[in-house]
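Single-letter residue listing:
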Amino acid sequence: MSGTDRGDPGPDADRPDGAAQPDARAGRADHFPRSDRSNTVDAGRRAWSRAGHGAGPHPDVPGALLVVGDVITDVVARHRGPLAAGTDTAAAVRTLPGGAGANVACWAAHRGCPDVRLLGRVGADAAAWHERELSACGVRPLLVVDPEAPTGTVICLVDQGASAERTFLTDSGASLRLDPGDWSSTLLDGVARLHLSGYLFFSEPSRALASAALESARARGVPVSLDPASAGFLAKLGVDRFLALAEDVDLLLPSRDEACLLTGLPDPADAAAELSRRIPLVVAKLGGDGALVARSGTVRAHVPAAPATARDTTGAGDAFTGAFLAALLAGAEPEAAAVGGCEAGAMAVERVGGRPEAAPPAR
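Throughout this document, residue positions are counted from 1 along each chain, in the order its sequence is written. Only residues with pLDDT of at least 70 get local features here, since the model is predicted, and only at 80 or more are side-chain atom pairs given and counted; chain-wide, interface and lining totals rely on the full set of residues. Where side-chain values are given, they derive from all heavy atoms of the structure, hydrogens and water being excluded.

## As for the overall build of the protein chain
Inference 1: Helix and strand definitions follow DSSP, with helices as H or I runs of at least four residues and strands as E runs of at least two, each counted in order from the N terminus. The number of helices and strands found in the protein chain is ten helices and 13 strands.
Inference 2: Counting every position in the protein chain, which comprises 363 residues, the buried fraction comes to 52%.
Inference 3: In what follows, residue pairs with any heavy atoms lying within 4.5 Å of each other are defined as contacts. Sequence-distant contacts, at least 24 apart, represent 72% of the contacts inside the protein chain between residues at least 6 apart.
Inference 4: For the area figures, the Shrake-Rupley method with a 1.4 Å probe applies, and any residue is considered shielded solely by the protein chains shown. Accessible surface for the protein chain amounts to roughly 14900 Å². Of this, 51% is attributable to carbon and sulfur atoms. Think of it in three bands: with a 1.4 Å probe and only protein chains considered, a residue is buried below 20% of the maximum accessible area for its type, exposed above 50%, and partly exposed in between.

Here you go:
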């Protein structure tokens, strides 16, 4: 992918309300039309090819990555300088597909993972749009359509200054209404790794689903990774409660702020080392300072960030996570996987929105 943003399509292309109504069968977690399934396999092969593995899937294709997490409609408003309270602030506004879980899945597919699946919950208002966008990125969407709640929406306020820092206003909508009824252990068939978005831990129904998924994975010997997702929500949930819920994961991917919050330590290296005494592998994402890889109470590597000119930092951590997991599944050691994660994070900040460029349509 390039660091440039996609050209703006037609006036309704970015709008979920411009999408066709979802198929009634989409309320089932196992719904995936045959034609879409074929398109997704083709897109996964193209992603693998772009990663330098030839025209088709590698003969030793790893098992699938199953991501369980949030699918969100992002409204990205890029402004310059402070917001003007009580009046207008000029901004460039776009509506884009997002959600931490969905972004991770898309970046994993983009970085060469040939079979990426996503379980999430959306409202009927945007189900078809999100399914198409995920499929275009090479992800197999397993979307449950909520009969009551609308699709979650996040307003991303992005300062166009040098930091391109963002502030989120979050309405989780249907995304945190995933519940154990949406889970089946058969979702792990053919899966080599389960990844959970930390947003699941921030509501009672999705917490219960996360626990059911962890139990199924443990029974099958499937490793589980977890991204804490939000320092703000994490503080409300409570550190002890979060760590208890994360007890069975083998890989934790916190941001700098999340790692420090989870340990009470101000230095991210100390925090990563401390967390790795509880969780076998910890990879702390430090933004412009790269990433730390910690195991058995020791930081084993500090991987530098890849150079980038930031336009929008939305989804940079998700890009890192998706690329890291793709590399891990392909057999890379964690330190090498973190290099790929930093490269994807650099690509992400040079784009508007949290997703990579979609795969071209099949010919």
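Okay, back to it.
## Description of unusual backbone geometry
Trans peptide bonds make up most of the peptide bonds, and negative phi angles are found at most residues other than glycine.
Inference 1: Positive phi outside glycine occurs at A229, with the angle close to 85°.
Inference 2: Within the secondary structure, A229 sits in the loop between β9 (224-227) and α5 (231-237).
Inference 3: Judged by its relative accessible area of 22%, A229 is partly exposed.
Inference 4: A positive phi angle, close to 50°, is found at S296, a residue other than glycine.
Inference 5: Its location among the elements puts S296 in the loop between β12 (291-295) and β13 (298-303).

## Section: the environment of A346
Inference 1: Within the secondary structure, A346 sits in helix α10 (residues 334-349).
Inference 2: In sequence terms A346 and A310 are 36 residues apart; their C-alpha atoms lie 7.9 Å from each other.
Inference 3: The contacts of A346, once residues within four sequence positions are left out, are A306, P307 and A308.

## Here's the deal with the nonpolar core
Inference 1: Within the largest apolar cluster, 47 residues are counted, with the highest numbers of intra-cluster contacts made by L66, V68, W183, L194, L196 and F242.
Inference 2: A per-element tally of this core places helix α4 (residues 204-220) first, with six residues.
Inference 3: When neighbours within four sequence positions are excluded, L194 is seen to be in contact with L66, V68, L188, A213, A217, V222, P223, V224 and S225.
Inference 4: Only buried residues count toward a nonpolar core. Its members are Ala, Val, Leu, Ile, Met, Phe, Trp, Tyr and Cys residues joined through side-chain atoms within 4.5 Å. L118, V122, A327 and A338 belong to the second-largest nonpolar core, a separate cluster that totals 37 residues.

## Quick word on the sheet that holds β13
Inference 1: Within the open sheet, the nine strands sit side by side as β5-β4-β1-β8-β9-β10-β11-β12-β13. Their pairing is mixed. If you trace the sheet from one side to the other, it starts and ends with β5 (139-146) and β13, each paired once.
Inference 2: Two strands make a pair as long as DSSP finds a minimum of two bridges between them. Sheet topology note: the β12/β13 ladder contains five bridges and is antiparallel. Residue pairing across strands places A291 opposite V303, the latter belonging to β13.
Inference 3: Contacting β4 (116-123) and β5, helix α3 (residues 127-136) crosses the sheet at an angle of about 165° to β5. Every angle, taken between N-to-C directions, lies between 0 and 180 degrees, and every axis is a line fitted to C-alpha atoms, over only the stretch in contact when it is a helix.

## Structural notes on the packing of aromatic side chains
Inference 1: Working definition: a ring pair exists when centres of Phe, Tyr or Trp rings (six-membered ring for Trp) sit within 6.5 Å. Plane angles under 30 degrees give stacked, over 60 give edge-to-face, the rest tilted. In total, this model carries five aromatic pairs according to the counting rule given.
Inference 2: Ring centres of Y199 and F202 lie 6.0 Å apart, and the angle between their planes is 85°; on these two criteria the pair is classed as edge-to-face. We note that Y199, like F202, is buried.
Inference 3: Centroid distance F320 to F324: 6.0 Å. Interplanar angle 10°. Geometry classified as stacked. Of the two residues, F320 and F324 are both situated in helix α9 (residues 316-329); the distance of four residues between them amounts to about one turn of the helix. Accessibility assignment for this pair places F320 and F324 in one class, buried.
Inference 4: Linked through ring pairs, Y199, F202 and F233 together constitute an aromatic cluster.

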